[in-house]
Amino acid sequence: MAEITGDQRVQSEVLEGLATAVNHRRWFVELAVPYLGDNPIEIGSGLGDYALEWAEHFPRFTATEADPDRLVALKERLADQPAIEVRQMLLPNSERGDYSAAVSYNVLEHIEDHVGALRSMGDLVRPGGAVVIIVPAFQFAMSPADIATGHVRRYTKKTLSAAMTEAGLRVEKIHYANALGLIGYFMATKVFRLMPKEGPMVKVYDTLVLPATKAAEQLARPPFGQSVFAVARTPA
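Residues numbered from 1 in each chain as written. Predicted model: local features only at pLDDT ≥ 70, side-chain atom pairs only at ≥ 80, totals over all residues. Heavy atoms only, no water.

An unreviewed UniProt entry annotates the protein chain as Methyltransferase type 12 originating from Micromonospora craterilacus.

Rendered as structure tokens:
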């Protein structure tokens, strides 16, 4: 049975802190845009930061959230956005849809039945549409922060690709992103046991380090990263 994992209060605090990482968010928004089509749905919209930026690119956009309290806050925040529909959704489920793509950032790692969740995302998408995923990378980086926020696992390209394939999806693109971010995250959360919240470290990294990291990774994909980015297609 689908359920929400992790401390929802801690999750919300982390989301609020990471909302200040504007350059990081815009980079990851750009990664997905070419694959989202004309009517995408986001699974796990949290506080709506990504939804607001993605919605600028499309005539229609659907934002979803599983946690009831965050859903209320999300509806309030997006109330003045007529192009964005907000609804509750918890995966896996049996719903079928005709969205152009399903996009989900840093959600799959919370779901025990991740293959079922990916299969559900595929069922929401029209034939040949995209399922676009970002998840945290490398199990060795699993930290107290991961546990507190309800992470069941972290991924490699191989394990995420295997889950997508088992879910009946065809992997089109997969690579690591934000190599220096993995080092920073490991030191902050695993060594110093800090939570990734708003603060000087996040602002310095986002302002000074992240732009250089993004530029370098546009020239050459790194062999590791803080995240795995993947695009898969539903059967045509």
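Having put the structure on the table, let's press on.
Colleague: Tell me about the overall build of the protein chain, and name the residues and values.
Modeller: Helix and strand counts for the protein chain come out as nine helices and seven strands. Computed over its C-alpha atoms, the radius of gyration of the protein chain comes to 17 Å, within 12% of the 18 Å expected for a compact globule of 236 residues. By principal-axis analysis of the C-alpha atoms, the protein chain measures approximately 45 × 35 × 35 Å. Within the protein chain, buried positions represent 53% of all 236 residues. In the protein chain, once contacts between residues fewer than 6 apart in sequence are set aside, the share between residues at least 24 apart is 75%. For the protein chain, the accessible area works out to roughly 10800 Å², and carbon and sulfur atoms hold 58% of it. (Helix = DSSP H or I, 4+ residues; strand = E, 2+ residues; numbered from the N terminus. Rg over C-alpha atoms; globule rule 2.2 N^0.38 Å. Buried < 20%, exposed > 50% of the residue type's maximum accessible area, 1.4 Å probe, protein only. Contact = heavy atoms within 4.5 Å. Areas by Shrake-Rupley, 256 points an atom, 1.4 Å probe, with all protein chains shown as cover.)

Colleague: Break down the environment of Q139 for me, citing the residues and quoting the values.
Modeller: Here Q139 is to be found in the loop between β5 (125-136) and α6 (144-148). Sequence-wise, Q139 and A179 are 40 residues apart; in three dimensions their C-alpha atoms are separated by 15 Å. Dropping the residues within four chain positions of it, Q139 is found in contact with R153 and R154.

Colleague: Report on the packing of helix α8 (residues 179-191) against helix α9 (residues 200-219), specifying residues and quantitative values.
Modeller: Closest axis-to-axis distance for the α8/α9 pair is 8 Å, and the angle between their directions is 140 degrees. Overall, the two elements α8 and α9 adopt an arrangement that is oblique. Contacts between α8 and α9 involve A179, L180 and G181 on the former and, on the latter, Y205, V209, T213 and E217. Looking at the contact of α8 with α9 residue by residue, the classes come out as four nonpolar, two polar and one charged. (Axes fitted to C-alpha atoms, helices over the stretch in contact; angles between N-to-C directions. Parallel < 35°, antiparallel > 145°, perpendicular 65-115°, else oblique. Nonpolar A, V, L, I, M, F, W, Y, C, P; charged D, E, K, R; others polar.)

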